[in-house]
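Examination of the molecular architecture
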Amino acid sequence: MIRVGVLGALGRVGVEVCKAVEAAPDMELVAALDKGDPLEGLTGAEVVVDFTHPDVVMDNLEWAISHGIHPVVGTTGFDEGRLATVRAWLGENPGTNCLIAPNFGIAAVLMMHFAQQAARYFESVEIVELHHPNKADAPSGTARRTAELVAEARAKAGAGAMPDATSTSLDGARGADVDGVHVHAVRLAGLIAHQEVLLGGDGEILTIRHDTMSRSAFTPGVLLGVRRVRELPGLTIGLEPLLDL
Ligand SMILES: NC(=O)C1=CN([C@@H]2O[C@H](COP(=O)(O)OP(=O)(O)OC[C@H]3O[C@@H](n4cnc5c(N)ncnc54)[C@H](OP(=O)(O)O)[C@@H]3O)[C@@H](O)[C@H]2O)C=CC1
Ligand SMILES: O=C(O)C1=N[C@H](C(=O)O)C[C@H](O)C1
């Protein structure tokens, strides 16, 4: 039995994760903590799943890693600086591993992968992410990661800058620029989590769209991460290596 703790256990995703861990035959939910609960409550856990908030996740990770608990992290807000800090903590605590994935939905991971594969064949690529209005951050971690993967693929293929003659008179009109890829964030009541990657070339457009219809979609990926994190040395970013992508 893998002893699992959950941080953010009362949140939209945390509730689903707790249910999934409790239903898994090879896992035991030993701690379900939310805001205000002391992290000492994780004592006894081998793996901790974090779906909290970008403002608190680093403190959680520092505590968990220094106590030899392997984190599986869904919380967003990771940039290169934060990832370097996590790598340093892991270096100081050999034998402790960490998995950080901007999206645990299998279809979402495939959407990112397909976008990465397609990126080099098109002149233009833009990303539109659409989420519920209570989301803490923008752009989404998924959109940011997709843009990085697209930019990486284009650079590798020697693709030039995308065509864009726009001169904007209003800040934000062209969205955020992530490594040269424009990302647009929609916040709308009724949505959960959705993303379109628009790829345009000569006379044709390819749209790769992903829709999250229920937050239970994240739990198979989280359980896979919990099962595998102890054998994945150091820091793993994204679910891709666990899916052989
Ligand atoms: N990687 C992925 O697949 C996915 C990632 N996410 C990301 O996960 C994060 C959480 O999303 P979501 O569940 O919608 O958010 P919620 O706000 O619904 O849940 C977060 C929960 O964490 C609690 N919390 C805040 N601070 C702490 C703390 N220090 N310790 C323990 N619990 C704390 C919150 O309490 P309170 O409300 O009182 O502040 C809340 O109950 C976001 O960053 C989101 O982008 C979301 C979906 C999928
Ligand atoms: O906050 C959310 O809801 C989600 N957050 C993650 C992100 O920022 O990419 C994953 C998914 O989009 C849902």
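Residues numbered from 1 in each chain as written. Chains lettered and ligands numbered in written order. Predicted model: local features only at pLDDT ≥ 70, side-chain atom pairs only at ≥ 80, totals over all residues. Heavy atoms only, no water.

Here the structure, examined in full by the defined rule, presents twelve salt bridges. Here Arg209 and Glu196 are joined by a salt bridge, their closest N and O atoms 2.8 Å apart. Pair noted here: Arg209 is in strand β10 (residues 205-212) and Glu196 is in strand β9 (residues 193-200), with a separation of 13 residues, a long-range link. When its relative accessible area of 21% is taken as the criterion, Glu196 is described as partly exposed. Where Glu231 meets Arg228, a salt bridge forms, and the shortest distance between an N and an O atom there is 2.7 Å. Among the charged side chains, a salt-bridge network with shared partners connects Arg3, Glu46 and Arg230. (Salt bridge = Lys/Arg side-chain N within 4 Å of Asp/Glu carboxyl O. Helix = DSSP H or I, 4+ residues; strand = E, 2+ residues; numbered from the N terminus. Buried < 20%, exposed > 50% of the residue type's maximum accessible area, 1.4 Å probe, protein only.)

Attention now goes to the packing of aromatic side chains. In the structure shown here, the tally under the stated rule is one aromatic pair. On the numbers, 6.0 Å between centres and 55 degrees between planes, the contact of Phe51 with Phe104 is tilted. Placement of the pair is Phe51 in the loop between β3 (47-50) and α2 (57-66) and Phe104 in the loop between β5 (98-100) and α4 (106-118), with a sequence separation of 53 residues. Of the two residues, Phe51 and Phe104, neither departs from the other in class, the shared state being buried. (Phe/Tyr/Trp six-rings, centres within 6.5 Å; stacked < 30°, edge-to-face > 60°.)

A word on the UniProt feature "domain: Dihydrodipicolinate reductase C-terminal" (unreviewed entry) in the chain. Mapped onto the present numbering, the UniProt feature "domain: Dihydrodipicolinate reductase C-terminal" (unreviewed entry) falls at residues 108-239. The annotated region residues 108-239 carries 28% helix and 28% strand content, and the separation between its end C-alpha atoms amounts to 10 Å. (UniProt positions renumbered as here; feature names shortened; annotations may be inferred.)

Take the sheet that holds β3 next. Pairing in this open sheet of six strands is parallel, and the strands run β2-β1-β3-β4-β5-β11 from one edge to the other. Every interior strand has two partners, whereas the edge strands, β2 (27-33) and β11 (235-237), have only one. Neighbour-to-neighbour, the strand axes of the sheet open up by a mean angle of 20 degrees, direction not taken into account. Note: β3 against strand β4 (residues 70-73), four bridges, orientation parallel. Pairing of Val47 across the sheet is with His70, part of β4. (Pairing = 2+ DSSP bridges. Axes fitted to C-alpha atoms, helices over the stretch in contact; angles between N-to-C directions.)

What follows covers the pairing of β2. Examined bridge by bridge, strand β1 (residues 2-7) and β2 share six bridges and lie parallel to one another. Bridge pairing links Val4 to Leu29 in β2. Of the crossover connections in this fold, the one passing from β1 over helix α1 (residues 12-23) to the parallel β2 is right-handed. (Right-handed = clockwise from strand over helix to strand, strands pointing away.)

Right, let's talk about the site of ligand 1 for a bit. Looking at ligand 1, there are 21 residues lining it, with Arg12, Asp34, Thr76, Phe104 and Lys135 nearest. Asp34 is positioned with one of its side-chain polar atoms (N or O) 2.9 Å from an oxygen atom of ligand 1. Between ligand 1 and Ala101 there is a distance of 2.9 Å, counted from a nitrogen atom to a backbone nitrogen or oxygen. Structurally, ligand 1 is housed in the largest pocket. For the shell around ligand 1, a count of residues per class yields nine nonpolar, seven polar and five charged. (Near = heavy atom within 4 Å. Polar contact = N/O pair within 3.5 Å; in protein donor to acceptor, adjacent residues only side chain to side chain. 1 Å grid on protein atoms, 1.4 Å probe; cavity = no way out; pocket = protein on both sides within 12 Å on 5 of 7 lines; lining within 4 Å. Sits in = over half its atoms within 2 Å of the grid points. Nonpolar A, V, L, I, M, F, W, Y, C, P; charged D, E, K, R; others polar.)

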